[in-house]
Amino acid sequence: LKPVVALIGRPNVGKSTLFNQFTKSRQALVADLAGLTRDRQYGDVFFENKSFIVIDTGGIGEADDGKGNIDDYMATQSYTAIHEADMVVFVVDARAGLTPSDEEIAKFLHTLGKPVFLVTNKTDGVHEASIAEFFGLGFGEPIPTSASHGKGVTSLLEIITADM
Ligand code: GDP
Ligand code: MG
């Protein structure tokens, strides 16, 4: 059975861009519009001699953005994906910095007892010191990526598949 990896995080942090990099496809919708991906999306990832299934999700939303029900629905999709997954890639936005939603998601992920890989995406043009605050989420050293530039993706795949 192939391992299942869920991409989890707030809308607009770059989950779908990472999904596309992992699967080398344009399957996932990428948009500036926060939270465009409303359903779970599954992809096959082949890396070196390993393979796993990746799930893209709409993301656990920001409260009070005026889209109440849709946000709840997307959150449900994320929780379903988390429970289907053997491990979680928790994506945060290095440009935006640490947000209360990131802390809420982290708290929830800590209750699961599943491996969590913390990815600080959008590190292009970001000072290294701004990534340090994410260390406090308690998932160890953040893994830096710039998904839209394809940077750090190979290293991330090496880390994810190390024990597969
Ligand atoms: P999602 O909502 O988490 O799935 O985020 P998306 O993958 O749809 O990306 C949201 C926006 O961020 C899009 O405009 C992407 O092009 C952009 N984006 C994704 N990764 C990066 C990155 O590494 N650097 C920068 N500067 N922008 C990125
Ligand atoms: Mg998306």
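An unreviewed UniProt entry lists the protein under the name GTPase Der, with Moraxella caprae as the source organism.

**Student:** So what's going on with the environment of arginine 95? Residues and values would help.
**Tutor:** Tracing the backbone shows arginine 95 in the loop between β4 (87-93) and α3 (100-110). Its 15 C-beta neighbours within 10 Å are what place arginine 95 among the partly exposed residues. Counting along the chain gives 25 residues from arginine 95 to threonine 120, while the straight-line C-alpha distance between them is 9.0 Å. Those residues in contact with arginine 95 that lie beyond four places of it in its chain are Lys122 and Val126.

**Student:** I'd like a rundown of unusual backbone geometry, residues and numbers included.
**Tutor:** One non-glycine residue, asparagine 12, lies in the positive phi region at around 80 degrees. Assignment of secondary structure puts asparagine 12 in the loop between β1 (4-8) and α1 (15-23). Not every positive phi belongs to a glycine, and lysine 122 is a case in point at roughly 65 degrees. Tracing the backbone through its elements, the reader meets lysine 122 in the loop between β5 (116-121) and α4 (129-132).

**Student:** Account for the nonpolar core, naming residues and giving values.
**Tutor:** If you look at the biggest cluster of nonpolar residues, it comprises 32 residues, and the most contacted ones within it are Ala6, Leu7, Ile8, Val89, Phe90, Val91 and Leu118. Among the elements of the structure, β1, α1, β3 (50-56), α2 (68-84), β4, β5 and α5 (153-161) are those that each provide at least two residues to this core. With five residues, the top contributor of residues to this core is β4.

**Student:** Describe the environment of histidine 127, listing the residues and the values that go with them.
**Tutor:** Along the chain, histidine 127 falls in the loop between β5 and α4. Sequence separation between histidine 127 and isoleucine 55 is 72 residues, and the spatial gap between their C-alpha atoms is 30 Å.

Quick notes on the rules
Residues numbered from 1 in each chain as written. Chains lettered and ligands numbered in written order. Predicted model: local features only at pLDDT ≥ 70, side-chain atom pairs only at ≥ 80, totals over all residues. Helix = DSSP H or I, 4+ residues; strand = E, 2+ residues; numbered from the N terminus. Buried ≥ 20, exposed ≤ 12 C-beta atoms within 10 Å, placed from the backbone. Contact = placed C-beta atoms within 7 Å. Core = buried A, V, L, I, M, F, W, Y, C linked by C-beta atoms within 7 Å.

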